[in-house]
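Fold and geometry: a report
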Amino acid sequence: RTVETSSDVYQEDIDGDIQTLVAEWRPLGGFLGGVGAASIWWGLFARPEFGEFSERYASFGDLLSIDRVGSSFLVDLVIFAVFQSWFVDDDLKRRGVEEGELTDLRNVA
């Protein structure tokens, strides 16, 4: 690994063709957003043979109250979301977005 001399990361600093392609692939955000939306839809509306949403939600709450692994997974998701939000400013800086631009995105993330 090369020694880091600056906190800024530019496209030229990304090693490898595949890493560059994935890191700068514009449809990736929309694709991952679609996967998340499909997951939320599936959780709310799919598999009606397991009961209505309120019944499944109550069952999920019961499961989390007795399952430490499931509860810790939700805590890990929250911690992951907090740490990911720190990376947004660095990524926007790397992409050349000025400090005052895209404030809504910065606040949401």
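Residues numbered from 1 in each chain as written. Predicted model: local features only at pLDDT ≥ 70, side-chain atom pairs only at ≥ 80, totals over all residues. Heavy atoms only, no water.

1. Considerations on the overall build of the protein
Basically, it comes down to this: Helix and strand definitions here come from DSSP, where helices need a minimum of 4 consecutive H or I residues and strands a minimum of 2 consecutive E residues; each element is numbered from the N-terminal end. Partly exposed residues are those whose accessible area sits between 20% and 50% of the maximum for their type, while under 20% is buried and over 50% is exposed, using a 1.4 Å probe and protein chains only. The criterion used for residue contact is that any of the two residues' heavy atoms lie within 4.5 Å. In this description, accessible areas are obtained by the Shrake-Rupley approach with a 1.4 Å probe, and a residue is regarded as covered only by the protein chains that are shown.
Of the regular secondary structure elements, the protein holds 5 helices and 0 strands. Listed by position from the N terminus, the elements making up the protein come as α-α-α-α-α. Per-residue burial over the protein gives 9% buried out of 109 residues. Of the contacts made within the protein by residues no fewer than 6 positions apart, 25% connect residues no fewer than 24 positions apart. Approximately 9,500 Å² of the protein is accessible, and the part contributed by carbon and sulfur atoms is 63%.

2. Some remarks on the packing of helix α3 (residues 53–66) against helix α4 (residues 68–94)
Quick reminder of the rule: Between N-to-C directions, angles cover 0 to 180 degrees, with each direction set by a line fitted to C-alpha atoms, over the stretch in contact for helices. By definition in this entry, angles of less than 35 degrees are roughly parallel, angles greater than 145 are roughly antiparallel, angles of 65 to 115 are roughly perpendicular, and the rest are oblique. Note on residue categories: nonpolar means Ala, Val, Leu, Ile, Met, Phe, Trp, Tyr, Cys or Pro, charged means Asp, Glu, Lys or Arg, and polar means any other residue, Gly included.
Between α3 and α4, the least distance of the axes is 5 Å, while the angle of their chain directions is 100 degrees. By the angle between their axes, α3 is roughly perpendicular relative to α4. Listed contacts from α4 to Phe60, Leu64 and Ile66 of α3 are Arg68, Gly70, Ser71 and Leu74. Residues that form the contact of α3 with α4 fall into these classes: 4 nonpolar, 2 polar and 1 charged.

3. Comments concerning the pattern of salt bridges
Put simply, the rule reads: By definition, a salt bridge exists where a carboxyl oxygen of Asp or Glu is found within 4 Å of a side-chain nitrogen of Lys or Arg.
Within this structure, the stated rule accounts for 1 salt bridge. Note that Arg47 is salt-bridged to Glu49, the shortest N-O span being 2.5 Å. Judged by relative accessible area, which is 38%, Arg47 ranks as partly exposed. Residue Glu49 is classed as exposed on the basis of its relative accessible area of 55%.

4. Examining the packing of aromatic side chains
The line we're drawing: When two rings of Phe, Tyr or Trp (its six-membered ring) have centres within 6.5 Å they constitute a pair, described as stacked for plane angles under 30 degrees, edge-to-face for angles over 60, and tilted for the intermediate range.
Applying the stated rule across the entire model yields 2 aromatic pairs. Summarising the aromatic geometry, the rings of Trp41 and Phe45 are spaced 6.3 Å apart at their centres and angled 45 degrees between planes, so their arrangement reads as tilted. One end of the pair, Trp41, and the other, Phe45, are both in helix α2 (residues 27–45), 4 residues apart, so they sit about a helical turn from each other. Relative accessible area serves as the criterion here: at 46%, Trp41 is assigned to the partly exposed category. Since its relative accessible area comes to 55%, Phe45 is described here as exposed.

5. Structural notes on the side chain of Arg56
The following threshold applies: His is not counted here, nor are the chain ends, while Lys and Arg score as positive and Asp and Glu score as negative.
Relative to the assigned elements, Arg56 resides in helix α3. Salt bridges are absent for the buried Arg56, whose nearest opposite-charge side chain, Glu52, sits at 6.2 Å. Among residues more than four places away in sequence, those in contact with Arg56 are Trp42, Gly43, Leu44, Phe45, Ala46, Arg47, Phe50 and Gly51.

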